[in-house]
Amino acid sequence: MSSTSAWKPSKRILFVDAYDSFSWNIVDLLQNLLSVEVFVIKTDAIFAEEEFLGLLRCFDAVLVGPGPGNPNNKQDIGLIDSLWKLEGKDILPILGICLGFQSLALSFGASIERLHLPQHGQVATVTHNGTSIFRNVGTLRATLYHSLHARLCDQVSGSSAGELWVSKHCPLLEPLAWNLHSRPDSPVLMGIKHVLKPFWGVQFHPESVCSNEECKEMIRNWYEDSLSWNFARNRSSLPEVPPFVFGRCRRGSYMNSRRTESTLLPRHYQVVTETLDQRSLTVSGICEILSLPKQDMIVLESASIRQGLGTHSIIGVLSGDYMRIEYSVEESVVRLVYPSGTSSRVPLQGLSVWEWLDDLIRGVQITGGDSKVPFWGGFMGVFSYEMGLQKYLAPSRKGNAPDVSLALVQRSVVFDHQQQHIYIQSIIEDDSWPKEVAKLLSSSGSFCRAQPRLQPEARNALDCYSKNATACLPDEEIYKANVRQAQEFLSAGDSYQLCLTDETVITMPSSKDPYIPWHLYNLLCERNPAPFAAYVSLGNLKILSSSPEQFFRRQRQGHCSLRPMKGTVKKSAEMTRRKAEAILATPKESAENLMIADLIRHDLNSAMKTEAVVTVPELMVVEDFHTVYSMSSRINAIIPDSTPKERVPTALEALRECLPPGSMTGAPKKRSCEILSNLENRPRQVYSGVLGYLDFGGAAQFSVLIRSVFKSEEENVDTWRIGAGGAVTILSTEQGEWDEMITKLESSMRIFRSNSRA
Ligand SMILES: C=C(O[C@@H]1C=C(C(=O)O)C=C[C@H]1O)C(=O)O
Ligand SMILES: NC(=O)CC[C@H](N)C(=O)O
């Protein structure tokens, strides 16, 4: 987004958001390209008719965005419909994109029909006639996200060039562009204008990262035509937007008002650090030297370094009297929990848990840390999938795991695997612990890298534990039926991609050996090494993760980065990297990744306020993991140095906006989450949530909790849960989706097999 200080754009565009996951990319495009101020209202915002007309008078133009559903459904388009009915002096220039375009076409005589082959994340060449908003536009390539299309019902064959550009059946609409290569549906209408009113529409998505520069030219033309239309009708100096709408709209420059800072924690921490050479020391080795697996702790471990990911490992050392914060979405209650078993309820005083946490962390100053270390001290822990879902759906199914479990980490050991350094840190006043640990580690040579992670006794203990395990896998028929149902939603235009998942439950008699989860974790690292491996023991909650996917990272200055993963191929003796690359380059797999890359751009644009520049430095990079090849993209938000501090979102503000992870939902996120919640009919809990740290210095990093197992009850029977799934698109097959889910499940379930059956 463009960098602004005191300068205020003089022109205003109203963006009508139909709950799409690409909306803020369009807002960003308008702000950047046209230097306008953009106000955003939702399609279901409630206005009295006069109020709405009054609001429109304050805008130079309106852009009606894309979204899930069908323009024939009133609940999908809300107030969009009323825009096409404007008459006389109330008329103003409007551009409809995708759903907005379809609604325009429908209002003036076209019919809305399903495509035989929906186009989701496919990039197409759009053939236009070079007039109106397509003047001076060259070869236009644009991303498509649509299941429906507008038919002018003229029996256009596309064989005679002339018949494409007039509509006898819809005389008020003039066709401007077509997709002539969308078999079996071509020609598919891609652009129209109203012949009398300043209404235009395009079926494609000009804001997508894969749409070319010509799309921008088309937007510039529309804006120019809109301003000329206004000028000719004396619509140039417009009234200010009345304050009464501010509660119902959001501006590109929107900023939460800051609240008071919490006093629960000390206002200031000082970091004490001891530095060692890594030598032969390993993360698991240090945990054992310090006897940590006997008690609660969190380890975020780079068990394999990929593409510069997972360069650090962090051991969060939790002393006997540590404190953690727990929250349950269902009860809406925050508790401070102490390992002694005591807990106290915290009144939120009208704040959301996100605001409460943000206040808590923002109030803390920290000094003395080494700038090369990403974590000095702060919170480490997990946010569940339902924690992100909360903004869309009321909680309906209760899980056993807390939705937030964050430990206050005052002592830590951080590995820099590239520089081969170990930092031993404490933020406790006058703490001699870093010195003592440095001394102990310097003198302990017994845990060398060559040593196996698991000693024979540990393997025996695991064999005994797992031999009585029973696994309850998802039902294949139900899973496949869900794939079909998901595809029905895709065909109807309700979603472009749905990340369908299911749960496998493994039970066995519980063991008295407190080291069992730790041994299982080490086995997981051995059998599926991953850049975001993790071990969590927070009270009854145990998580063993071999996640390959980074979710969110924030540097201390505020730059944020997300790295969604989408597109997976199972490794096997026959599956070479080259073959995998060829499969991942097919339209099915690339489209899966592109959709999520665009969705994450939207999430970051929405989270970052106007100053940030959102870019995609890596698109569809193929990576090689232990059991699969996968494709990832990186989306960055860079904050210019000139940005005032209060306009830089905190880690929690940005995180909240980006949850649940888009790679685990599908797009558009809200509607996809609703559909998945009905299809899956279970809480995902920790699976699909995020795990990581919030450093008091402002840094943060979270991975997506996939390829992981978790347990949250302490009973006679241990119940380990493993979620797994994959993105269902219109090009998916039932069998392919089932196989993909099983491949992902296997990557972590293998720890419950005995050594002989590994
Ligand atoms: C759903 C899972 O993974 C997600 C789905 C992927 C895909 O569809 O290709 C890839 C990575 C994850 O975002 C899982 O591991 O259970
Ligand atoms: N991106 C969109 O606006 C999609 C519009 C409509 N839901 C369709 O699928 O065709």
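Throughout this document, residue positions are counted from 1 along each chain, in the order its sequence is written. Here chains are named by letter from A upward and ligands by number from 1 upward, in the order in which they appear as written. Local features in this predicted model are restricted to residues of pLDDT 70 or higher, and side-chain atom pairs are both shown and tallied only at a pLDDT of 80 or more, whereas totals for entire chains, interfaces and linings draw on every residue. In computing side-chain values, all of the structure's heavy atoms are included and hydrogens and water are not.

The chain appears in an unreviewed UniProt entry as aminodeoxychorismate synthase from Trichoglossum hirsutum. UniProt positions are given in the numbering used here, feature names are shortened, and annotations may be inferred rather than shown by experiment. Under the UniProt heading Pathway (unreviewed entry), the entry covering the chain gives this text: "Cofactor biosynthesis; tetrahydrofolate biosynthesis; 4-aminobenzoate from chorismate: step 1/2."

J.: It is not clear to me how the nonpolar core should be interpreted in this structure. Could you clarify?
T.: As used in this record, nonpolar core signifies buried Ala, Val, Leu, Ile, Met, Phe, Trp, Tyr and Cys residues forming a set joined through side-chain atoms within 4.5 Å. Throughout this description, buried means an accessible area under 20% of the type-specific maximum (1.4 Å probe, protein chains only), exposed means over 50%, and partly exposed covers the range between. Counting 92 residues, the largest nonpolar core has Phe-379, Phe-383, Phe-551, Leu-694 and Phe-696 as the members making the most contacts within it. Put simply, DSSP H or I for four residues or longer makes a helix, DSSP E for two residues or longer makes a strand, and each gets a number counted from the N terminus. Sort the elements by how many residues they give to this core and helix H15 (residues 587–608) lands first, with ten residues. In what follows, residue pairs with any heavy atoms lying within 4.5 Å of each other are defined as contacts. Those residues in contact with Phe-383 that sit more than four places away from it in its chain are Trp-354, Leu-357, Asp-403, Val-404, Leu-406, Leu-652, Leu-655, Leu-659, Gly-689, Val-690, Leu-694 and Phe-702. Formed by 57 residues, the second largest nonpolar core is a distinct cluster that contains Val-317, Trp-518, Leu-524 and Val-709.

J.: Can you help me understand the site of ligand 1 in this one?
T.: In these notes, residues near a molecule or strand are those with any non-hydrogen atom within 4 Å of it. Looking at ligand 1, there are 17 residues lining it, with Glu-549, Gly-567, Thr-568, Tyr-687 and Arg-707 nearest. Taking Glu-549, its side chain carries an N or O atom lying 2.7 Å from an oxygen atom of ligand 1. When ligand 1 sits alone it has 390 Å² of accessible area, and the protein chains cover 100% of it. Secondary-structure elements contributing two or more residues to the shell around ligand 1 are strand S29 (565–570), strand S36 (717–728) and helix H18 (734–749). Among the residues forming the shell around ligand 1, the class breakdown is seven nonpolar, five polar and five charged. As used in this structure description, the phrase polar contact means that two N or O atoms lie within 3.5 Å; if the pair is within protein, one of them must be able to donate a hydrogen and the other to accept it, and residues adjacent in sequence are counted only when both atoms belong to side chains. Only the protein chains shown count as covering a residue, and every accessible area follows the Shrake-Rupley method with a 1.4 Å probe. Note on residue categories: nonpolar means Ala, Val, Leu, Ile, Met, Phe, Trp, Tyr, Cys or Pro, charged means Asp, Glu, Lys or Arg, and polar means any other residue, Gly included.

J.: What exactly am I supposed to notice about the packing of helix H1 (residues 23–34) against helix H6 (residues 214–232) here?
T.: Axis angle and axis distance: for two packed helices, these are the angle between their axes and the distance between the axes, and together they describe the pair. At their nearest, the axes of H1 and H6 sit 11 Å apart, and the two run at 70 degrees to each other. With respect to their mutual orientation, H1 and H6 come out roughly perpendicular. For the pair H1 and H6, the contacting residues are Leu-29, Leu-30, Leu-33 and Leu-34 in the first and Lys-216, Ile-219, Arg-220, Trp-222 and Tyr-223 in the second. Of the residues that constitute the contact of H1 with H6, the class distribution is seven nonpolar, no polar and two charged. Structural elements are reduced to axes, namely lines fitted to C-alpha atoms, with helices fitted over the stretch in contact, and the angle between N-to-C directions of any two is expressed from 0 to 180 degrees. The scheme is simple: roughly parallel for angles under 35 degrees, roughly antiparallel for over 145, roughly perpendicular for 65 to 115, oblique for anything else.

J.: Would you mind going over the site of ligand 2 with me for this structure?
T.: The local shell around ligand 2 holds 14 residues, among which Gly-67, Gly-69, Cys-98, Tyr-145 and Leu-148 are the closest. In the environment of ligand 2, a nitrogen atom lies 3.0 Å from a nitrogen or oxygen atom belonging to the side chain of His-205. In the environment of ligand 2, a nitrogen atom lies 2.9 Å from a nitrogen or oxygen atom belonging to the side chain of Tyr-496. Contact with the protein chains removes 100% of the 290 Å² of surface that ligand 2 exposes when unbound. Elements with a minimum of two residues in the shell around ligand 2: helix H5 (99–107) and strand S6 (140–151). Residue contributions to the shell around ligand 2 peak at four residues, all from S6.

J.: Even after reading the chapter, I still don't get the pattern of salt bridges, so can you show me in this structure?
T.: Opposite charge on two side chains permits them to pair, given that their charged atoms come into close proximity. Take a side-chain nitrogen of Lys or Arg and a carboxyl oxygen of Asp or Glu: if they are within 4 Å of each other, that pair is a salt bridge. Under the criterion given, the structure shown has 46 salt bridges. The salt bridge involving Lys-11 is made with Asp-60; its shortest N-O contact spans 3.8 Å. Taken together, the residues span a long stretch of sequence, with Lys-11 in the segment before strand S1 (12–17) and Asp-60 in the loop between helix H2 (49–56) and strand S3 (61–64) at a distance of 49 residues. Here Arg-114 makes a salt bridge to Glu-488, at a shortest N to O gap of 3.1 Å. Here Arg-114 is found in strand S5 (residues 111–128), whereas its partner Glu-488 is found in helix H12 (residues 476–492), with 374 residues between them in sequence. Among the charged side chains, a network of salt bridges with common partners joins Asp-76, Asp-494, Lys-670, Arg-671 and Glu-674.

J.: What is the right way to read the pairing of strand S9 (residues 199–202) from this model?
T.: On a regular strand, one side chain projects to one face of the sheet and the next to the other, so that they alternate. Side chains of S9 alternate between two faces, with Phe-199 and Gly-201 and Trp-200 and Val-202 buried alike. Paired strands, as defined in this entry, are two strands with at least two bridges between them according to DSSP. Note: strand S4 (residues 94–97) against S9, four bridges, orientation parallel. Counterpart to Gly-96 in the pairing with S9 is Gly-201. Relative to S9, strand S8 (residues 188–194) runs antiparallel, the two being bridged by three bridges. Note on S9: the bridge partner recorded for Gly-191 is Val-202.

J.: How should I be thinking about the packing of aromatic side chains in this particular structure?
T.: Aromatic ring pairs are described here by two measures, namely the spacing of the ring centres and the angle between the planes. The rule is short: rings of Phe, Tyr and Trp, with Trp giving its six-membered ring, pair when the centres are within 6.5 Å, and they are stacked under 30 degrees, edge-to-face over 60, tilted in between. Scanning all chains against the criterion turns up 19 aromatic pairs. Ring plane angle 65 degrees and centroid distance 5.7 Å describe the contact between Tyr-479 and Trp-738, whose orientation is recorded as edge-to-face. Here the residue Tyr-479 occupies a position in helix H12, and Trp-738 occupies one in helix H18, the gap between them amounting to 259 residues. Trp-738 carries the same exposure label as Tyr-479, and that label is buried. On the numbers, 5.6 Å between centres and 50 degrees between planes, the contact of Tyr-521 with Tyr-535 is tilted. Of this pair, Tyr-521 sits in helix H13 (residues 516–527) while Tyr-535 sits in strand S25 (residues 532–538); the two residues are 14 residues apart in sequence, bridging distant segments of the chain. Judged by relative accessible area, which is 0%, Tyr-521 ranks as buried.

J.: Whenever I open this one, the confidence of the model for the chain confuses me. Can you help?
T.: For residues with low pLDDT, the predicted coordinates do not support detailed interpretation. Note: pLDDT gives the predictor's confidence per residue, expressed from 0 to 100. Scored by pLDDT, the chain has a mean of 92; 95% of the residues are at 70 or more. Taken over the whole predicted complex, pTM reads 0.96, whereas the ipTM for its chain interfaces reads 0.98.

J.: Looking at this structure, how should I read the pairing of strand S15 (residues 324–328)?
T.: The buried count for S15 comes to five of five residues, which makes it a mostly enclosed element. Alternating positions in S15 separate into two faces, Arg-324, Glu-326 and Ser-328 on one and Ile-325 and Tyr-327 on the other, with burial throughout. Relative to strand S20 (residues 404–409), S15 runs antiparallel, the two being bridged by four bridges. Counted as the bridge partner of Glu-326 is Ser-405 from S20. The sheet contact formed by S15 and strand S16 (residues 333–337) spans five bridges and is antiparallel. Residue pairing across strands places Arg-324 opposite Val-337, the latter belonging to S16. Counting the residues between successive antiparallel strands, the hairpin from S15 to S16 contains four residues, one of them, Ser-332, with a positive phi of roughly 55 degrees.

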